[in-house]
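Observations on the model geometry
One-letter residues, chain by chain:
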Amino acid sequence: MAAAESVERPPAIAQRDVRGLRAAATKAAMCSFIASMCVTLPISVSVVKLLEKCGAIDTTRRENLSLRAGKFWARWLMRILPFASVDVVVPEETAPEELQEPTIWVCNHISMLDIFMLMAQDKKVRGKKARPLKIIYWKTLENNPVNKLFFKACGFIPVEMEDNKDGDNSYNMSSFKTLLKMSKKAFEDGFDIGILPEGQLNPTPEKGLRPIFSGAFTLAKMSRRPIRMMALSGTQNLWHADDAIGMDVRSRKVKVRRYPSGRKFSSSEEFAETFKNVVGEFGATGNDLPDNELNAWIDGSRWAEIQAKNTEENLAPA
């Protein structure tokens, strides 16, 4: 298969732009934010859970309220402790009904801060009337008690991996079948699904994405739902995926991007190449591809060109 031409990408943020006291103050604010989330989330979801036990709300309402509480605290704590300068980039015009269509959302994964950042910016990124989102997550994250409490309260969907060593992104098939059932129920209950196609944290986003697992495409195909893309850049400069770097703050600049329109991809290969070229570029550089190339990937015409070229090469005489 012909692939898109590779380009030499500069790092998302080439040089450290905070240092000394400013870097220390940023790290302190970030640690305070995380600590505050670890306090407010358990309290909030425990109150919501109590309402469910008393019969005041049902399970779906409990999941929705727990998610809303998490987004509320993430949003307000980032205002109180502004450790990041966040730039949200969204299409200029999006029909409200488009965001009400049941959808599978995909995003890159570059830092442990990603989920906090997406929750805090959700209203700006997906809109105030967007459907609530259930995240598919690696079950091992439940080893953290706060994660386990919050994820279960929100009805997030766990999945087990066969082996996460050496970059293996293979899902446990028994777990994947359960994921499909839970995803179907989530759509019926009015939720969208969020999934990270890389499967794991990417310690080198400046080099592009990790290998893409086809789970998002499989889920979209089986549920007959479109896939919509989001992208993150810069969170790794606050809290790096490489433990050797960790919270060595290099920059406060973060970008969150939502791309226009959802699409039903023709194959897992098309999805992977589109995600790699569109989201991978943004994660690597903090910027989109040139408009004509970006639009060609988003509307599918670039993939059609690649397929046509492959067909032509296959039919050419030896």
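Residues numbered from 1 in each chain as written. Predicted model: local features only at pLDDT ≥ 70, side-chain atom pairs only at ≥ 80, totals over all residues. Heavy atoms only, no water.

Pairing within the open sheet is mixed, and its seven strands lie in the order E1-E7-E6-E2-E5-E3-E4. Strand pairing shows two members of the sheet lacking a second neighbour, strand E1 (85–89) and strand E4 (157–159), which therefore form its edges. Within this sheet the neighbouring strands show an average axis-to-axis angle of 20°, counted without direction. Strand direction decides the pairing type here: strand E3 (residues 133–138) and E4, joined by three bridges, are parallel. Looking at the pairing, tryptophan 138 lines up with valine 159 of E4. (Pairing = 2+ DSSP bridges. Helix = DSSP H or I, 4+ residues; strand = E, 2+ residues; numbered from the N terminus. Axes fitted to C-alpha atoms, helices over the stretch in contact; angles between N-to-C directions.)

So, about a nonpolar patch on the surface. Together, Val39, Ile43, Val47 and Leu51 make up a nonpolar patch on the protein surface, roughly 350 Å² of accessible area in all. On the secondary structure map, isoleucine 43 appears in helix H1 (residues 20–53). (Patch = residues over 30% accessible without salt bridge, like charges linked within 9 Å, V, L, I, M, F, W, Y side chains within 5 Å. Areas by Shrake-Rupley, 256 points an atom, 1.4 Å probe, with all protein chains shown as cover. Salt bridge = Lys/Arg side-chain N within 4 Å of Asp/Glu carboxyl O.)

Our next topic: the packing of aromatic side chains. This structure, assessed with the given rule, holds ten aromatic pairs. Look at tyrosine 137 and phenylalanine 151: their rings are 4.6 Å apart centre to centre, the planes differ by 50°, and that puts the pair in the tilted class. Remark: phenylalanine 151 occurs in helix H5 (residues 145–153) and tyrosine 137 occurs in strand E3; sequence separation between them is 14 residues. In terms of burial, tyrosine 137 and phenylalanine 151 fall into one category: buried. Pairing phenylalanine 151 with phenylalanine 156 gives two aromatic rings, centres 5.4 Å apart and planes at 40°, and the pair type is tilted. Residue phenylalanine 156 is classed as buried on the basis of its relative accessible area of 4%. Three or more aromatic residues link up through ring pairs in this structure, and these residues are Tyr137, Phe150, Phe151 and Phe156. A cation over an aromatic ring shows up here: arginine 126 above the ring of tryptophan 105, its NZ or CZ 5.3 Å from the ring centre. (Phe/Tyr/Trp six-rings, centres within 6.5 Å; stacked < 30°, edge-to-face > 60°. Buried < 20%, exposed > 50% of the residue type's maximum accessible area, 1.4 Å probe, protein only. Lys NZ or Arg CZ within 6 Å of the ring centre and 35° of its normal.)

Take the pattern of salt bridges next. Across all of its chains, the model carries 17 salt bridges by this definition. A salt bridge links glutamate 63 to lysine 134, with the shortest nitrogen-to-oxygen separation between them at 2.9 Å. Of this pair, glutamate 63 sits in helix H2 (residues 59–80) while lysine 134 sits in strand E3, and the two are 71 residues apart along the sequence. For the pair glutamate 63 and lysine 134, one class covers both residues: buried. Residues arginine 131 and aspartate 192 are paired through a salt bridge, measuring 2.7 Å at the closest nitrogen-oxygen approach. Of this pair, arginine 131 sits in the loop between helix H4 (122–126) and E3 while aspartate 192 is found in strand E5 (residues 192–195), placing the two residues 61 residues apart along the sequence. Of the two residues examined, arginine 131 and aspartate 192, each falls in the buried class. One continuous salt-bridge network, built from bridges that share partners, spans Lys71, Asp122, Arg126, Arg131 and Asp192.

In this section: the nonpolar core. Nonpolar side chains in soluble globular proteins tend to be buried together. Counting 39 residues, the largest nonpolar core has Phe33, Met37, Phe83, Phe150, Phe156 and Leu238 as its most contacted members. Top contributing element to this core by residue count: H1, with eight residues. Core analysis: the next-biggest nonpolar cluster, separate from the first, contains 34 residues, Phe217, Phe275, Val278 and Leu294 among them. (Core = buried A, V, L, I, M, F, W, Y, C linked by side-chain atoms within 4.5 Å.)

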